[in-house]
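# Structural characterization, general
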Amino acid sequence: MRDKYEMQLRKLHAEMIEMGTMIEQAIETAIKALVAQDTELAKKAIEADDAIDHQEREIENLCLKLFLTQQPVAGDMRNISAALKMVTDMERIGDHASDISELTLCMAGTPYIKKLEHVQQMAKETIVMLVSSIEAYVNADEKKAKSVIAHDDIVDDLFDTIKNELIAMIHDNPDDGEQACDLLMVAKYLERIGDHATNISEWVLFSITGEHVD
C-alpha cells in the first residue's frame, strides 16, 4: 500500500513540475510578446492559459484521489493539502501572464514611452521565485522555500522603481498617461506573480513543518 502511495506521490510531484514549467513558459512568452509588441505571440500566450487551467484540474483530481484512496497520515496529508493550495496560486500566475498579453494587445502599434529593462528584470526574478518554489516543494527544501520568500523584496523594489519612473513621466508629459498606466499594470501583474510565488513557498513550509507562516 505504501509503495502505491509513493508512486502516486511521485506522479503528483511530476505533475506539479509540469505545471510549473507551463507557467514559466507562459511568463517568458508574455514578456517576449510585450517587448517585441508581437500581437500574434501575445494571442498564443492568452490561449495557453486554457492548458494551465486544465493542468490545475488534473492535479486537484489527483490530490483528491490520494485523500480518498490512501488515507494519508499527518505528514502526507500536509504534503497533499499544500499541493492543493499551491496549484491555486500557480493558476493565478498563469492568469497574470495572460493579463500581461491582453495589455500587449492594447498597446500594440504605439511606440513605448520607455525602455522595458526593469519589466524584463522583474519577469526574470519572478521566474526564479516560481521555479525555486516548486523545487522546494518536490525536495522538501525548507531553506530554499525561505529564500524564495526573501527574494520577493527584489521584485517589490523593481516594482517601486517602475512605478516612480512612470509617475514622473506622467507628470512631465500627461499625454503619455494612458500607456504609462498600462505599463504600470504590467508591473503590478508581475508584482502579484511574486506574491503568488511567495504564497507557494509558504505552503511548502507548511508541508514540511506543519506551520503556515502568514
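The sections below set out a description of the structure shown in this document. (Residues numbered from 1 in each chain as written. Predicted model: local features only at pLDDT ≥ 70, side-chain atom pairs only at ≥ 80, totals over all residues. Heavy atoms only, no water.)

Next up on the list: the overall build of the chain. The helix and strand inventory of the chain stands at 7 helices and 0 strands. Its helices and strands taken in sequence order, the chain reads α-α-α-α-α-α-α from the N to the C terminus. Here the chain has a C-alpha radius of gyration of 19 Å; the compact-globule value for 214 residues is 17 Å, and the two agree. Taken over the C-alpha atoms alone, the chain extends approximately 65 × 35 × 20 Å along its principal axes. Within the chain, the fraction of its 214 residues that count as buried is 47%. Sequence-distant contacts, at least 24 apart, represent 86% of the contacts inside the chain between residues at least 6 apart. (Helix = DSSP H or I, 4+ residues; strand = E, 2+ residues; numbered from the N terminus. Rg over C-alpha atoms; globule rule 2.2 N^0.38 Å. Buried < 20%, exposed > 50% of the residue type's maximum accessible area, 1.4 Å probe, protein only. Contact = heavy atoms within 4.5 Å.)

Turning our attention to the state of the cysteines. Scanning the entire structure with this criterion turns up 0 disulfides. Here C181 stays unpaired: no disulfide links it, and the sulfur of C106, its closest cysteine neighbor, is 12 Å away. (Disulfide = S-S within 2.5 Å.)

The subject of this paragraph is the environment of T88. Topologically, T88 is positioned in helix α4 (residues 74-107). According to the relative accessible area criterion, T88 is partly exposed, its value standing at 40%. C-alpha of T88 to C-alpha of D53: the two residues are 35 residues apart in sequence and 9.7 Å apart in space.

The end-to-end C-alpha distance of helix α6 (residues 142-172), which contains 31 residues, comes to 47 Å, matching closely the 45 Å that a straight helix rising 1.5 Å per residue would cover. Listed in full, the buried residues belonging to α6 are A145, V148, H151, D152, V155, L158, F159, I162 and L166. Among the structural elements, α5 (117-138) and α7 (177-209) are those in contact with the buried residues of α6. The residue sitting at the N-terminus of α6 and contributing the capping side-chain oxygen is D141; that oxygen lies 3.2 Å from the backbone nitrogen of K143. (Expected span 1.5 Å × (residues − 1). Polar contact = N/O pair within 3.5 Å; in protein donor to acceptor, adjacent residues only side chain to side chain.)

Honestly, that's just the spatial picture; any functional story needs more than this.
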